[in-house]
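Below, each chain spelled out in residue letters.
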Amino acid sequence: MATKKQARRVAIVDGLRTPFAKSGTVLKDQSALDLGSAVVSELIARAGINGSDVDRLVFGTVVQSVDSPNIGREIVLAGPLPDSVDAYSVTRACATSTQSFADAAQAILLGDIDIAIAGGAESLSKPPITYSDRFVDILMEANGAKDVQGKARAFAKVRPRDLTPHAPAIAERSTSETMGDSAEKMAKENGITREAQDEFALRSHAKAIEAQEAGIFDDEVMPYPIPPRYKDTVEGDTIPRADSTIEKLASLKPVFDRKYGSVTAANSSPLTDGAAALLLMDEAVAKALGYTPKAYLRSYAFAAVDPNWQLLMGPALATPIALDRAGMTLDDIDIIDMHEAFSAQILSNTQAFASDSFARERLGRDKAIGEIDDARFNIYGGSISLGHPFGATGARQLMTMANELERRGGGTALVTQCAAGGIGAAVILER
Ligand SMILES: CC(C)(COP(=O)(O)OP(=O)(O)OC[C@H]1O[C@@H](n2cnc3c(N)ncnc32)[C@H](O)[C@@H]1OP(=O)(O)O)[C@@H](O)C(=O)NCCC(=O)NCCS
């Protein structure tokens, strides 16, 4: 329980993630809970903190498991922290672990807690599969039947078409557009060419490979031994590709609008399994415990837009609010990490950042947010090349930026995401 209620400041003390892997591959048998528990256990061990000193864990997933919908509390009960640690779960689409971070940060700022773990996990390898209402009614009837004859009577109603499974749609409920459809719409409305999308995807992979080779992720990504035999270990991210060429990317067929589209498997973020977690403390508590924080929270903001317009413009909506709250302009930001849902979404947002007319029409401001300097932007790749486990991406970005501020010995960073529902998130870190 916090001891002091004034002049509090949220410090990112440490962070860690599992390797990120394309769904259905090396992490396919790990649930979000497995991934989340593993990363939290390893983070605690590496940070050298007593589990009993952690006041709260806030965690999230987007595609929730039916077995463990409150993944936060289940992680605690799975063992890495004493049962007495308070925990709960949040969900905010692709900004889920930014919300975990914001929740934990608010509680630290309020003086409710001193030390928190915040993060998220996703397994898209085994999503919860559902069936038609009719089939569910039959199953419920069979489940409630008092005897074998009753169960048999219920199952006798099953028709082959009832067995058609429904995987969770990565689509907007309100518009029925998939995320990929939204990216296509943004490419068309904002004039983002296929060539520009492929070039950005290639850039993302090149930056991620460079970062891997430079050891940037060595302390961020834990090796993940696969239970139950722990004989095979996933040592690092498996998605970045050194073999991509612009010719190969140009040869891929569009996947969402097969006839007239430009969004392909290569210029989209892939469906991904993984987890990430951050250790947060009040600054004074961190220092009293002997930690040197990597970075501090300066400001954050969430924003939202009508999904019928351009669903994935969240960064251009949330960033100016976070900048205002920080008393900064884009020129004051040294490094930017913008979630790469699709090249079309990234390029639409960077275009909007630089546009006076976007500022006037959509933000009610006189001047553009500002031109993004390529040298400061997604310097170690992003969700297209590293992968995008929905619940873990925000924590991944915050960790990489906090580590970069530590490496640089100071500066400011902007972390921002778009998310389903037309949501945007932005966080400004400083050191
Ligand atoms: C786009 C999507 C449908 C593609 O899925 P997929 O078909 O499983 O994609 P794959 O990884 O198999 O790639 C298809 C092909 O493109 C190739 N490819 C993909 N990326 C490539 C790259 N960077 N360089 C070269 N080739 C690439 C693959 O090798 C594969 O080729 P093959 O058919 O010869 O094996 C899927 O990743 C998806 O749904 N992404 C969007 C997720 C989403 O909506 N996220 C929300 C964002 S907020």
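Here, every reference points to the structure presented above.
Residues numbered from 1 in each chain as written. Predicted model: local features only at pLDDT ≥ 70, side-chain atom pairs only at ≥ 80, totals over all residues. Heavy atoms only, no water.

Around the ligand, 23 residues are found, and the nearest of them are Lys22, Arg241, Ser244, Leu249 and Ser269. A distance of 2.8 Å is found between a nitrogen atom of the ligand and a side-chain nitrogen or oxygen belonging to Ser244. In the environment of the ligand, a nitrogen atom lies 3.0 Å from a nitrogen or oxygen atom belonging to the backbone of Ser269. In isolation the ligand exposes 980 Å². Once the protein is present, 69% of that is buried. (Near = heavy atom within 4 Å. Polar contact = N/O pair within 3.5 Å; in protein donor to acceptor, adjacent residues only side chain to side chain. Areas by Shrake-Rupley, 256 points an atom, 1.4 Å probe, with all protein chains shown as cover.)

Attention now moves to the nonpolar core. Taken as a class, soluble globular proteins show a tendency for nonpolar side chains to be buried jointly. Membership of the largest hydrophobic core comes to 46 residues, with the highest contact counts inside it found for Leu330, Ile333, Phe353, Phe358, Leu414 and Ile428. Looking at this core, the element that brings in the most residues is helix α10 (residues 314–326), giving six residues. Apart from residues lying up to four places away in sequence, Phe353 is in contact with Pro315, Ala316, Thr319, Leu330, Met338, Ala368, Ile369, Gly370, Ile372 and Leu414. In this structure, Ile379, Ala395, Met401 and Leu405 belong to the second largest nonpolar core, which totals 40 residues. (Core = buried A, V, L, I, M, F, W, Y, C linked by side-chain atoms within 4.5 Å. Buried < 20%, exposed > 50% of the residue type's maximum accessible area, 1.4 Å probe, protein only. Helix = DSSP H or I, 4+ residues; strand = E, 2+ residues; numbered from the N terminus. Contact = heavy atoms within 4.5 Å.)

Take Ser132: it is sitting in the loop between β5 (115–122) and α4 (133–144). Since its relative accessible area comes to 22%, Ser132 is described here as partly exposed. Placed 30 residues apart in sequence, Ser132 and Asp162 show a C-alpha to C-alpha distance of 6.4 Å. Among residues more than four places away in sequence, those in contact with Ser132 are Asp162 and His166.

For the bond from Pro227 to Pro228, the omega torsion is 10 degrees, close enough to zero to count as cis. For Pro228, the location among the structural elements is in the loop between β6 (224–225) and β7 (233–234). Not every positive phi belongs to a glycine, and Tyr230 is a case in point at roughly 55 degrees. With respect to the element layout, Tyr230 can be found in the loop between β6 and β7.

Further remarks concern the packing of aromatic side chains. In the structure shown here, the tally under the stated rule is five aromatic pairs. Here the aromatic rings of Tyr131 and Phe135 are separated by 5.2 Å at their centres, their planes lie at 70 degrees, and the arrangement is edge-to-face. Between Phe200 and Phe377, the aromatic rings sit 6.4 Å apart at their centres with planes inclined by 55 degrees, giving tilted as the arrangement. Here the residue Phe200 occupies a position in helix α7 (residues 194–213), and Phe377 occupies one in the loop between α12 (356–363) and α13 (383–386), the gap between them amounting to 177 residues. For Phe377, a relative accessible area of 3% puts it in the buried group. Positioned above the aromatic ring of Phe20 is the side chain of Arg17, whose terminal nitrogen or guanidinium carbon lies 4.4 Å from the ring centre. A cation over an aromatic ring shows up here: Arg362 above the ring of Trp309, its NZ or CZ 3.6 Å from the ring centre. (Phe/Tyr/Trp six-rings, centres within 6.5 Å; stacked < 30°, edge-to-face > 60°. Lys NZ or Arg CZ within 6 Å of the ring centre and 35° of its normal.)

Before going further, it helps to examine the pattern of salt bridges. Under the definition given, this model contains 25 salt bridges. With its nearest N and O atoms 2.9 Å apart, the salt bridge here joins Arg46 to Glu42. In this pair, Arg46 and Glu42 are both assigned in helix α1 (residues 32–47), four residues apart and thus about one turn of the helix distant. Where Glu430 meets Arg298, a salt bridge forms, and the shortest distance between an N and an O atom there is 2.7 Å. (Salt bridge = Lys/Arg side-chain N within 4 Å of Asp/Glu carboxyl O.)

Looking now at the environment of Leu27. Note on placement: Leu27 falls in the loop between β2 (21–22) and α1. Between the C-alpha atoms of Leu27 and Leu124, which are 97 residues apart in sequence, the distance is 9.8 Å. If sequence neighbours within four positions are ignored, Leu27 has contacts with Pro19, Ala21, Leu35, Tyr224, Ile226, Val234 and Asp273.

This part takes up a nonpolar patch on the surface. On the surface, Ile129, Tyr131, Val136 and Met140 cluster together into a nonpolar patch covering about 350 Å² of accessible area. Inspection of the secondary structure puts Tyr131 in the loop between β5 and α4. A relative accessible area of 32% means that Tyr131 is categorised as partly exposed. (Patch = residues over 30% accessible without salt bridge, like charges linked within 9 Å, V, L, I, M, F, W, Y side chains within 5 Å.)

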